[in-house]
Amino acid sequence: MTTTSAPTTAITHIAQLVTNDPSLGEGPLGLIQDAAVVIDGDRIAWVGPSSKAPATDNAVNAGGRAALPGFVDSHSHLVFAGDRTAEFNARMSGRPYSAGGIRTTVAATRAATDEALHANIARYLAEALRQGTTTQETKSGYGLTVEDEARALRIAAEHTDEVTFLGAHIVSPDYADDPAGYVDLVTGPMLDACAPHARWVDVFCEKGAFDGDQARAVLTAGKAKGLVPRVHANQLGHGPGVQLAVELGAASADHCTHLSPADIDALAQSDTVATLLPGAEFSTRARWPDARPLLDAGATVALSTDCNPGSSFTSSMPFCIALAVRDMGMTPDEAVWAATAGGARALRRTDVGRITPGARADLALLDAPSHVHLAYRPGVPLVSAVWHKGVLV
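On a predicted model such as this, the values are computed, not experimentally measured, just so you know.

Caption draft 1: Layout of the pattern of salt bridges. Going through the model one piece at a time under the given rule, you end up with 19 salt bridges. For the salt bridge of Asp174 with Arg110, the shortest nitrogen-to-oxygen distance reads 2.9 Å. Taken together, the residues span a long stretch of sequence, with Asp174 in the loop between strand S8 (162-168) and helix H5 (179-194) and Arg110 in helix H2 (residues 102-111) at a distance of 64 residues. A relative accessible area of 26% means that Arg110 is categorised as partly exposed. Of the charged contacts, one joins Glu162 and Arg349 as a salt bridge, the two residues approaching to 2.7 Å between their closest N and O atoms. Separated by 187 residues along the polypeptide, Glu162 in strand S8 and Arg349 in the loop between helix H12 (332-346) and strand S15 (363-366) bring together distant segments of the chain. Judged by relative accessible area, Glu162 falls into the buried class, the value being 2%. Using a relative accessible area of 14% as the deciding quantity, one classes Arg349 as buried. Within the structure, one salt-bridge network assembled from shared partners comprises Asp161, Glu162, Arg199, Arg349 and Asp351.

Caption draft 2: Seen up close, the nonpolar core. By size, the foremost hydrophobic cluster in this structure holds 88 residues, and its most contacted members are Phe165, Leu267, Leu294 and Leu303. With sequence-adjacent residues up to four places away left out, Leu303 is seen in contact with Val72, Leu276, Pro278, Met317, Cys320, Ile321, Ala324, Met328, Met330, Ala335, Ala338 and Ala339.

Caption draft 3: A look at the side chain of Asp148. Assignment of secondary structure puts Asp148 in helix H4 (residues 146-157). The residues contacting Asp148, other than those within four sequence positions of it, are Arg110 and Gly143.

Caption draft 4: Representation of the packing of aromatic side chains. According to the stated counting rule, one finds seven aromatic pairs in the structure shown. Note on Phe80 and Phe313: the rings are 5.8 Å apart at their centroids and 75 degrees apart in plane angle, and the pair reads as edge-to-face. Here Phe80, found in the loop between strand S6 (71-73) and helix H1 (85-92), pairs with Phe313, found in the loop between strand S14 (301-303) and helix H11 (317-327); they are 233 residues apart in sequence, far enough to count as distant. Note on Phe313: relative accessible area 43%, which makes it partly exposed. Three or more aromatic residues joined by ring pairs form one cluster here, namely Phe80, Tyr124, Tyr142 and Phe313. Above the ring of Trp200, the side-chain terminus of Arg230 is found at 4.4 Å from the ring centroid.

Caption draft 5: Just the pairing of strand S5 (residues 66-69), in detail. As paired elements, strand S1 (residues 8-17) and S5 share two bridges and run parallel to each other. Paired with Leu17 across the bridge in S5 is Ala67. Summarising the sheet, S5 and S15 pair through four bridges and their orientation is antiparallel. Bridge pairing in S15 links Pro69 to Leu363.

Caption draft 6: Looking closely at the environment of Gly298. By secondary structure assignment, the location of Gly298 is in the loop between helix H10 (291-297) and S14. Judged by relative accessible area, Gly298 falls into the partly exposed class, the value being 48%. C-alpha of Gly298 to C-alpha of Pro7: the two residues are 291 residues apart in sequence and 42 Å apart in space.

Caption draft 7: Representation of unusual backbone geometry in the model. Despite not being glycine, Arg285 has its phi angle at roughly 55 degrees, a positive value. Locating Arg285 in the fold gives a position in the loop between helix H9 (278-284) and H10. Even without being a glycine, Arg348 presents a positive backbone phi close to 50 degrees. The topology assignment puts Arg348 in the loop between H12 and S15. On the basis of relative accessibility, which here comes to 42%, the residue Arg348 falls in the partly exposed class.

Caption draft 8: Examining the pairing of strand S9 (residues 200-205) more closely. Of all six residues in S9, six are buried; the element is thus mostly enclosed. As paired elements, S8 and S9 share three bridges and run parallel to each other. The residue bridging Phe165 from the neighbouring strand is Val201, located in S9. Read as a crossover between parallel neighbours, the route from S8 over H5 to S9 is right-handed. Where S9 meets strand S10 (residues 228-229), two bridges bridge the pair, whose relative direction is parallel. Within S10, the residue paired with Trp200 across the bridge is Val228. Regarding the hand of the β-α-β motif, the stretch spanning S9, helix H6 (residues 212-224) and S10 is right-handed. Judged from the two bridges that link them, S9 and strand S11 (residues 231-233) form a sheet pairing that is parallel. Bridged to Cys205 within S11 is Ala233.

Caption draft 9: Local environment of the state of the cysteines. One pass over the full model with this rule turns up zero disulfides. Left without a disulfide partner, Cys205 is nearest to the cysteine sulfur of Cys256, which lies 12 Å away.

About the criteria used
Residues numbered from 1 in each chain as written. Predicted model: local features only at pLDDT ≥ 70, side-chain atom pairs only at ≥ 80, totals over all residues. Heavy atoms only, no water. Salt bridge = Lys/Arg side-chain N within 4 Å of Asp/Glu carboxyl O. Helix = DSSP H or I, 4+ residues; strand = E, 2+ residues; numbered from the N terminus. Buried < 20%, exposed > 50% of the residue type's maximum accessible area, 1.4 Å probe, protein only. Core = buried A, V, L, I, M, F, W, Y, C linked by side-chain atoms within 4.5 Å. Contact = heavy atoms within 4.5 Å. Phe/Tyr/Trp six-rings, centres within 6.5 Å; stacked < 30°, edge-to-face > 60°. Lys NZ or Arg CZ within 6 Å of the ring centre and 35° of its normal. Pairing = 2+ DSSP bridges. Right-handed = clockwise from strand over helix to strand, strands pointing away. Disulfide = S-S within 2.5 Å.

In structure tokens, the structure reads:
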């Protein structure tokens, strides 16, 4: 019997390679100048100077472009239908708007066919991939019934393996007068139906959504079903979300816009990643998260798009990097690390977010000589090639 192996490919003459492995190169980003990467199947087989690249079946000349790990977008809401252009237009025009926010998307999503929802998520994942995102988390949260939440997660799981149950996005309009009854639904029949399709459980812990006790009930029930917590925390104001995330061992506390010194210290002393989502602040003209105190305290910081139809309708990780550098106190190096290795930490993944032997062969080639250009040239489509699981896409 004969066996065949996938052809190997060397990408050579990379002007600057971000490996996110300090043992391979310079600084926290593990930078290698005039570098090469060898791909074998869906894995990175070798990394080093271009002059020392081993022989391979195929060769790609990067022509002095920079390369970095594929972006890891650890927070998005891609299973939805409908459009909230009118809401955004009113907000940006200074006009009052009362069409219902998330509830508008819930109604449209419930009414959509499976085929429409599949087409939507596929479209946005393809859009993100073209911009260098090779790992994507996405959530439910626009169904808010047992049937619609389970449907959303089944659909999501056909497109990405990072799927989050967010039945506790807002109190369902069907339970407007009975929030406690809705929490019972989320932690009971809805969780039972949804847990088989998800890896994570999330809750919007915020005034107007779910308070600390309700959030604790949701996350504790999810943990009992084998799901790992994540928390929408401290976006709109100071609240218990971050402390609850740390206490329950959540993989990440997301948004983290309004933090007390105690919140920052708790994150710094824990394994919970602070995931910052500047697209939301950009699209709502809200106060920017301040990454500097978190980084200076030693907390792990990730960047993500929060792609959703209401408050952050962007799938562009390069855009979020530029915002983080311009308005959130991050250096270009810190922002690139947060958008790659930071996102991997937030998803508790060791196989993505870095270019090192054994890691998944996910990388983006930039039409620029350095990763710094992602912030230096905001809005310019610099990603010129993407390899996902070893395949040039």
